[in-house]
Amino acid sequence: MNSSVFFGWSTIAYFLAMILYIGHLAFKNKPVGSAATAVTMGGFAFQTMALLLRWKEFAEIGNMGILRGVPLTNLYESLIFFVWCLILSYLVIEFKYRTKSFGAFITPIAGLVLAFIDISGMSKNIQPLVPALQSNWLLAHVMMSFIAYAMFAVSFSTGLMYLITATDDRKDPAYIFWTVMVSVFVIVLAAMGFDYLTFKLSIKGQEDLIKSYLFRASFRSSSFGVSAMSFAVAAAFTFAVWRFAGGLKKIINSFDISAEILDEITYKSIAMGFPIFTLGGLIFGAIWADQAWGKYWTWDPKETWSLITWFFYAFYLHSRLMRGWKGKKVAMVAVIGFVAVIFTYLGVNLLLSGLHSYGSE
Amino acid sequence: MENDKKPVPTPKNLTDRIWDLFASVKLAVVIFSFIALTSIVGTILEQNAEPEKNIKILVKMFHVSHDTAHSVYGVLERLGFSDMYHAWWFVSLLLLFAANLIICSLDRLPRVWKLVREPIRPMSADLIEKTSIKRSIALKGKPAQAKELVQAALREIGFKPKEAAAEEAAGTQLYAETGNYSRLGVYITHLSILVILAGAIIGLFFGFNAFLNLPEGETSSVAYKDRGKEIPLGFDLRCDNFEVAYYNDSDMPKAYKSWLSVYKNGKKVKEQTIVVNDPLTFEGITFYQSSFGLVPNGQDRGIIILRVKSAAGQSQDIQAKVGDTFTIPGTAVQGRIADFSPALSLDQAGKPFTYDEHLKNPAVFIEFSGTGQTTTGWILKRYPQTWNLPSGDRVEFLDYWGIEYTGMQVRKDPGVGIVYLGCIIMAVGLFMSFFMSHRRIWVSVSEDKGGSKIIVGASAHRNRASFEHKVDKLVAILSAGPKGGNK
Ligand code: HEM
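Thresholds, definitions, all that
Residues numbered from 1 in each chain as written. Chains lettered and ligands numbered in written order. Predicted model: local features only at pLDDT ≥ 70, side-chain atom pairs only at ≥ 80, totals over all residues. Heavy atoms only, no water. Helix = DSSP H or I, 4+ residues; strand = E, 2+ residues; numbered from the N terminus. Buried < 20%, exposed > 50% of the residue type's maximum accessible area, 1.4 Å probe, protein only. Contact = heavy atoms within 4.5 Å. Areas by Shrake-Rupley, 256 points an atom, 1.4 Å probe, with all protein chains shown as cover. Lys, Arg positive; Asp, Glu negative; His and termini not counted. Charge placed at Lys NZ, Arg CZ, Asp CG, Glu CD. Near = heavy atom within 4 Å. Polar contact = N/O pair within 3.5 Å; in protein donor to acceptor, adjacent residues only side chain to side chain. Nonpolar A, V, L, I, M, F, W, Y, C, P; charged D, E, K, R; others polar. Expected span 1.5 Å × (residues − 1). Arc of directions from axis to C-beta. Donors = N, O, S within 2.8 Å, 3.2 Å for Na, K, Ca; no water. Tetrahedral: all angles 85-135°; square planar, octahedral: opposite > 155°, others 65-115°. Pairing = 2+ DSSP bridges. Axes fitted to C-alpha atoms, helices over the stretch in contact; angles between N-to-C directions. Patch = residues over 30% accessible without salt bridge, like charges linked within 9 Å, V, L, I, M, F, W, Y side chains within 5 Å. Salt bridge = Lys/Arg side-chain N within 4 Å of Asp/Glu carboxyl O. Domains from an automatic or database assignment. Core = buried A, V, L, I, M, F, W, Y, C linked by side-chain atoms within 4.5 Å.

**Section: the overall build of chain B**
Of the regular secondary structure elements, chain B holds 10 helices and 22 strands. Each principal axis of the C-alpha distribution contributes one length, and for chain B these read about 120 × 70 × 55 Å. Taken over 487 residues, chain B has a buried fraction of 44%. Here the analysis covers contacts within chain B between residues at least 6 apart in sequence; of these, 58% occur between residues at least 24 apart. Within the structure as shown, chain B displays about 25500 Å² of accessible surface, and the carbon and sulfur contribution to it stands at 58%. Across chain B, the 56 positively charged side chains and the 49 negatively charged ones have centroids separated by 11 Å.

If you want it as structure tokens, here you go:
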């Protein structure tokens, strides 16, 4: 049996769980809630199997030994591991705080990421490790970074939910912040969807999509009309979200979850993620660089962005200590922090390396 | 947790004000933002690159004309952004950050130190009422009996209780604390940042980063800095051999390997093979495998190393060049090395051709004669099945030696140990900060309506919720009574 079969089953399970969680939110029906949890756990079990199998396949292909043959070397593998960490943290929160309300938010992220991997035709090939990656530090470094990213993802969603429940005045900067934030996320995803549909035939792979075609079907279109239209639609959409998103507050308030718990989970997940990121992401990364290249710090874009992310979260931890910053302002810092995480993870490889390479244009 | 604004009734002098500024978390947050934001610019512009490269980046990003980009870049360059992590203002930002950290910690340490060192004291009943976690229960037994129960329960949840007579009513108070040192976690974390900065500075002043491209068979007593400046090593390093190993049948490199020897005063003192992630260190200088390449115009340096074996089992090692001939020992067979290819492949028609100038798949073309008929064939280093000749003799292609160099990063950094020490301190500090807390608990036991009344007050400076669970466990143990009875 190969790993992709199990991955397929876990994708289906997460989508099913999403439907059940939403049903649970809507009808407050207990058996539906239990079924949602059971299906999520089933999906998690499948995914765990899949990860272990892939690990075995990987280690055998390069005959590198279990500790070195960690399947965390490309976008495909790292996204899958990210989803695994995310579901694990979600399950922990569900049991610890006895609330199923996040399920409806987290399972779709998991399902979407897995489906995105399939649709985008991202390379699933197992590539043997180039010499620089053959280090025992790779396992600790990459794994801990992703565990921390998953923690930060949780704090992002609870921080956002906190902002939604805590603001309704349309002139409140915090309200403007989160509505614009949500709009930008939706717009960027939609624009990328358009790029994908438009250039489907000429795109060679996931990275190519972002490196050469990003926003080419909308904002960066060669036709001025299309590009102007895109900006107009984006602005109109943002305005509509800003005007009408207040209704979301009612939905979240109907959950069995309070603003204090949201704030607490945001802090707790950062308080877990920060030390793990410091140790695994920065320190182990530096040790590995030191052994591989003889420099523990070179200010290359990936390292620098990790450091920027680290400063954002240090900012978060310290801003809680300042008078008047509890609550909304701190939640905004948590949300921005995750934007830095996304950039560190994806942006550096896809955007900056595109910028720094010659060719195109 | 404290906040920053203190009431300021009396006018302060300048030193006090500067001290207060540097002791504030607000400044820290401002500095965090500055470092983060300026660093972003540094990741967009390529550092230490040709100006033209960054001008192109600006054009690409902002869709401006080349001239505009040129003048914008001119301004950025004058501000030091082309090498920003070494620019005076960035270094000043780091120093400001360090000063902020030192003064802020010094400002708060005495108060925290007191909390850590002063042992917990019994507390009056009305203060117990004010703690953040409160519970009260009534037990049936006499206070003396209840007291023992409480002591056992406290021990069970990990405390070592002390005892004092309660101030007010007849009764006793048991009190205990754990994790008082965890309050220092934050300061240990902050200290670790300073240690790491110190290590980095020592490395900057007393170490160097250089490189050395050493061809097979050559020896060097120096390494080179960026602009070709020589740095004496204090010993001689020789590259005995270099090789790239590939994954099975592919051109995907699996390992880069250099065989190195260290000579001191002409005597060999050390011999080691290095690969990526496994360097050689001698007298504080470390050599990292980082790249490799061909010696320019080196073809005539190359030596083909063969091991020829007759069918009868006689064997001989041979070093030869293209055009040379050799004899298979004990036979009349003569081989002439007619051609060499660094990377041999077959085209669609099955005709051999060279697809790369690097030694990806080295092969020699040999003409055998001497037994009447002439046979020819390619012998490939990576494919031992090509080594057997129809006659039963064997020509093993061991190496093509002398035209590759190994590229090494050469480093001396006396600060790296201090940086690592700082990392360890940081791990410890973060663990103490986030996963431990100073927990205090007071339990007063007094007589009440023939039974005992027990009041519990407790506080934790962090993770209150999880301590609350512990306290609930304590209450549950007490309610269950001695060994489950006494209900
Ligand atoms: C990037 C560098 C820094 C890191 C990683 C760091 C780390 C931390 C951590 C982990 C905490 C505990 C936070 C919590 O309880 O949630 C903390 C608290 C604190 N930090 Fe920092 N810190 C840094 C820089 C600074 C600077 C420059 C200052 C100077 C003002 C500062 C002042 C404080 C203060 C006053 C506290 C609160 C102490 C308390 O709760 O008693 N930190 N820091």
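From this point, the discussion proceeds with the structure in view.
**Let's talk about the site of the ligand**
Around the ligand, the surrounding shell holds 26 residues, and the nearest of these are Tyr-267 and His-318 of chain A together with Cys-104, His-190 and Arg-462 of chain B. Near the ligand, the surrounding residues belong to chains A and B. Between the ligand and His-190 of chain B, the relevant distance is 2.7 Å, taken from a nitrogen atom to a side-chain nitrogen or oxygen of the residue. The separation between an oxygen atom of the ligand and a polar side-chain atom of Arg-462 of chain B is 2.8 Å. Elements that contribute at least two residues to the shell around the ligand include exactly α10 (259-293) and α11 (301-319) of chain A together with α2 (25-44), α5 (88-117), α8 (185-206) and α9 (416-435) of chain B. Looking at the shell around the ligand residue by residue, the classes come out as 18 nonpolar, 5 polar and 3 charged.

**Description of helix α10 (residues 464-480) of chain B**
Residues and elements named next belong to chain B. Across its 17 residues, α10 extends 24 Å between first and last C-alpha, which sits within 8% of the 24 Å expected from 1.5 Å per residue. Regarding α10, the residues found buried are Phe-467, Val-471, Leu-474, Val-475 and Leu-478. Projected down its long axis, α10 shows its buried positions confined to an angular sector of 100 degrees, all on one face. At its buried positions, α10 is contacted by β1 (133-139), α7 (143-156), β21 (439-448) and β22 (451-460).

**Digging into the coordination of the iron atom of the ligand**
Around the iron atom of the ligand, the donor atoms from the protein are His-318 of chain A (NE2) and His-190 of chain B (NE2), and they sit 1.9 to 2.0 Å away. Around the iron atom of the ligand, the 6 donor atoms sit at angles spanning 84 to 179 degrees, and that spread fits a shape best called octahedral. Placement of the pair is His-318 of chain A in helix α11 and His-190 of chain B in helix α8, with the two residues belonging to separate chains. Each member of the pair His-318 of chain A and His-190 of chain B is classed as buried.

**Some details on the sheet that holds strand β14 (residues 334-341) of chain B**
Residue and element names in this part refer to chain B. Strand order in the open sheet formed by 4 strands is β13-β14-β17-β18, with antiparallel pairing between adjacent strands. Edge positions in the sheet fall to β13 (325-327) and β18 (373-380), since each of these pairs with one other strand and no more. Strand-to-strand twist across the sheet, computed as the mean angle between neighbouring axes with direction ignored, equals 30 degrees. In terms of strand pairing, β13 meets β14 through 3 bridges, oriented antiparallel. If you follow Thr-327 over to β14, its bridge partner there is Gln-334.

**Observations regarding a nonpolar patch on the surface**
Residue and element names in this part refer to chain A. Residues Ile-176, Val-180, Val-184 and Val-188 make up a contiguous nonpolar surface patch of about 260 Å² in total accessible area. Within the secondary structure, Val-188 is located in helix α6 (residues 173-199). For Val-188, a relative accessible area of 31% corresponds to the partly exposed category.

**As for the pairing of strand β10 (residues 285-294) of chain B**
Two faces, one strand: in a regular strand the side chains alternate between the faces of the sheet. All names here are of chain B. The pairing of strand β9 (residues 280-282) with β10 spans 3 bridges and is antiparallel. Among the inter-strand pairings, Phe-282 is bridged to a residue of β10, identified as Ile-285. In this structure, the hairpin formed by β9 and β10 is closed by a connection of 2 residues, where Glu-283 is found at a positive phi of approximately 50 degrees. In terms of strand pairing, β10 meets strand β20 (residues 404-412) through 9 bridges, oriented antiparallel. By the bridge assignment for β20, Phe-292 is matched with Thr-406.

**Regarding the sheet that holds strand β2 (residues 162-165) of chain B**
Two orientations exist for strands paired in a sheet by backbone hydrogen bonds: parallel and antiparallel. All names here are of chain B. Taking strand neighbours across the sheet as the criterion, the 5 strands line up as β1-β22-β21-β3-β2 in an open arrangement whose pairing is antiparallel. Each of the sheet's edge strands pairs with one partner strand only, and the pair in question is β1 and β2. Each strand of the sheet is rotated relative to its neighbour by a mean of 20 degrees, with strand direction disregarded. Pairing of β21 with β22, which is carried by 10 bridges, proceeds in the antiparallel orientation. Bridging from a neighbouring strand, Ile-441 pairs with Ala-458 of β22. Where α10 meets the sheet, its contacts fall on β1, β21 and β22, and the angle it forms with β1 comes to roughly 5 degrees.

**So, the domain arrangement of chain B**
We note that the domain assignment places domain 1 (14-114), domain 2 (119-179 + 437-486), domain 3 (204-296 + 405-424) and domain 4 (299-401) within chain B. On a C-alpha basis, the centres of domain 2 of chain B and domain 4 of chain B stand 88 Å from each other.

**Focus on the nonpolar core**
Residues Phe-102 and Phe-152 of chain A are the most contacted members of the largest nonpolar core, which totals 137 residues. For this core, the element with the most residues is helix α5 (residues 136-166) of chain A, which contributes 16 residues. When residues of this core are sorted by domain, at least three fall in each of domain 1 (14-114) and domain 3 (204-296 + 405-424) of chain B. Residues within four places of Phe-152 of chain A in sequence aside, it is in contact with Ile-270, Gly-273, Phe-274, Phe-277, Tyr-313, Phe-338 and Val-341 of chain A.

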